[in-house]
Amino acid sequence: VENLYKWDSWLQTLTVPQTNADMQAGKAPERICEAAVYNYHRTLRAMLSRAVKMGKIDTNPYERLRGEFRKGIKESVEYLTEEEIAAFESLHPMQGSQAAAARDLFVFQLYTGLSYSDAQAFDIGDYKEVDGKWIHTGTRIKTGVPYVNQLLPPVIEILQRYGWQAPKILNSDYNKCLKILGDAVGIKTRLHSHLARHTFATRMLRMGVKIENLSKMLGHTNIQTTQIYAKILPKQVEQGFEQIKKVVH
């Protein structure tokens, strides 16, 4: 148990990998987020549980620490504005390069809401064409929760370029390339693989998608997870009330 606390303290010191440009500019390294720390704990806990089942160890020390190392609750979520999305989509790195794969995978996520792992496991064979729409009901790799997905024109365009596969790139290389691409068009928010998923969610809400439906699109385990996105759109909520006022009067 003591070692778990020591490991947690060490995890709290980890930083996000820097690009050469960051190091040359003398930028201070950014510490990894609380969600990343939680994911490390969750992975180790699962491995130790498996070790117990295999008879390698007697007990899982995490069982003695219930309530510890909880996932941090986010009060806000970063996402890209429509202007930033347009700026990113205007990028056209040389085809075949890692930068091109990163650009296309990010756009792929922007229009599907799929996580990095689900996007990398994408299989066009899972989709069925219904009334001219490519639709798939699958389960998330991370949680095993069902989700519903539909391929929009920008996604189909990318798939056609990659032989009906999603662009393949290691997550570490992906995030490094995204940092460079974001800097190239002046996006202040640090780009990373999960930011596209956040952006997809906020866009859907702005376009009027019900939060219950968005939860199914994202494959969340419960709607409370999805509701964090509703909290970051106060302006859109105010506009909704203004529309109601017009109807009433």
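Residues numbered from 1 in each chain as written. Predicted model: local features only at pLDDT ≥ 70, side-chain atom pairs only at ≥ 80, totals over all residues. Heavy atoms only, no water.

Take the packing of aromatic side chains next. Overall, the coordinates contain five aromatic pairs when judged by the stated rule. Look at Phe 108 and Phe 122: their rings are 5.4 Å apart centre to centre, the planes differ by 85 degrees, and that puts the pair in the edge-to-face class. Note that Phe 108 is positioned in helix 5 (residues 98-112) and Phe 122 in the loop between helix 6 (116-120) and strand 1 (128-130), a separation of 14 residues in sequence. Judged by relative accessible area, Phe 108 falls into the buried class, the value being 0%. For the ring pair Phe 122 and Tyr 127, a centre distance of 5.2 Å and an interplane angle of 45 degrees mean the geometry is tilted. Phe 122 sits in the buried class, given a relative accessible area of 9%. The exposure class of Tyr 127 is buried, given its relative accessible area of 6%. (Phe/Tyr/Trp six-rings, centres within 6.5 Å; stacked < 30°, edge-to-face > 60°. Helix = DSSP H or I, 4+ residues; strand = E, 2+ residues; numbered from the N terminus. Buried < 20%, exposed > 50% of the residue type's maximum accessible area, 1.4 Å probe, protein only.)

Turning our eyes to something else, we now look at the environment of Leu 80. Turning to its location among the elements, Leu 80 is positioned in the loop between helix 3 (34-53) and helix 4 (82-89). Discounting residues that sit within four places of it in the chain, Leu 80 has contacts with Ile 85, Phe 106, Ile 187, Thr 189, Leu 191, Leu 195, Thr 199 and Arg 206. (Contact = heavy atoms within 4.5 Å.)

Every buried residue of helix 7 (residues 153-161) is listed here: Val 155, Ile 158 and Leu 159. The buried side chains of helix 7 occupy one side of the element, clustering within an arc of 100 degrees when seen end-on. Against the buried residues of helix 7 lie helix 5. Phi turns positive one or two residues past the end of helix 7, at Gly 163, with a value near 65 degrees. (Arc of directions from axis to C-beta.)

Below, the discussion takes up the pairing of strand 2 (residues 133-139). Each regular strand carries side chains that alternate between the two faces of the sheet. The sheet contact formed by strand 1 and strand 2 spans three bridges and is antiparallel. Residue pairing for strand 2: Val 130 is matched across the bridge by Lys 133. Here five bridges tie strand 2 to strand 3 (residues 146-150), and the two strands are oriented antiparallel to one another. For Gly 138, the partnering residue across the bridge sits in strand 3 and is Tyr 147. (Pairing = 2+ DSSP bridges.)

This next bit is on the sheet that holds strand 1. Spatially, three strands are ordered 1-2-3 in an open sheet, and the strand pairing comes out antiparallel. The sheet is open, and its two edges are formed by strand 1 and strand 3, each paired on a single side. Shown here is a sheet whose adjacent strand axes are inclined to one another by a mean of 30 degrees, direction ignored. (Axes fitted to C-alpha atoms, helices over the stretch in contact; angles between N-to-C directions.)

Attention now goes to the packing of helix 5 against helix 9 (residues 195-206). Interhelical geometry of helix 5 versus helix 9 gives an angle of 35 degrees and a closest axis separation of 7 Å. Handedness of the helix 5/helix 9 crossing: right-handed. Here helix 5 contributes Phe 106, Gln 109, Leu 110, Tyr 111 and Thr 112 to the contact with helix 9, which in turn contributes Leu 195, Ala 196, Thr 199, Phe 200 and Arg 203. Class assignment for the residues of the contact of helix 5 with helix 9 results in six nonpolar, three polar and one charged. (Left-handed = near helix turned anticlockwise from the far one by under 90°. Nonpolar A, V, L, I, M, F, W, Y, C, P; charged D, E, K, R; others polar.)

Before going further, it helps to examine the pattern of salt bridges. Using the criterion set out here, one finds seven salt bridges in the structure. Across the pair Arg 45 and Glu 63 runs a salt bridge, and its minimum N-O distance is 3.1 Å. Here Arg 45, found in helix 3, pairs with Glu 63, found in the loop between helix 3 and helix 4; they are 18 residues apart in sequence, far enough to count as distant. Its relative accessible area of 28% is what places Arg 45 among the partly exposed residues. Looking at Glu 63, the relative accessible area reads 34%, which means it is partly exposed. Asp 183 is the salt-bridge partner of Lys 179, the closest N and O atoms lying 2.7 Å from each other. Linking Lys 179 with Asp 183, this pair stays in helix 8 (residues 171-184), spanning four residues, or about one helical turn. Residue Lys 179 is classed as buried on the basis of its relative accessible area of 15%. Given a relative accessible area of 42%, Asp 183 falls into the partly exposed group. Connected through shared salt-bridge partners, Arg 103, Asp 104, Glu 157 and Arg 161 make up one network. (Salt bridge = Lys/Arg side-chain N within 4 Å of Asp/Glu carboxyl O.)

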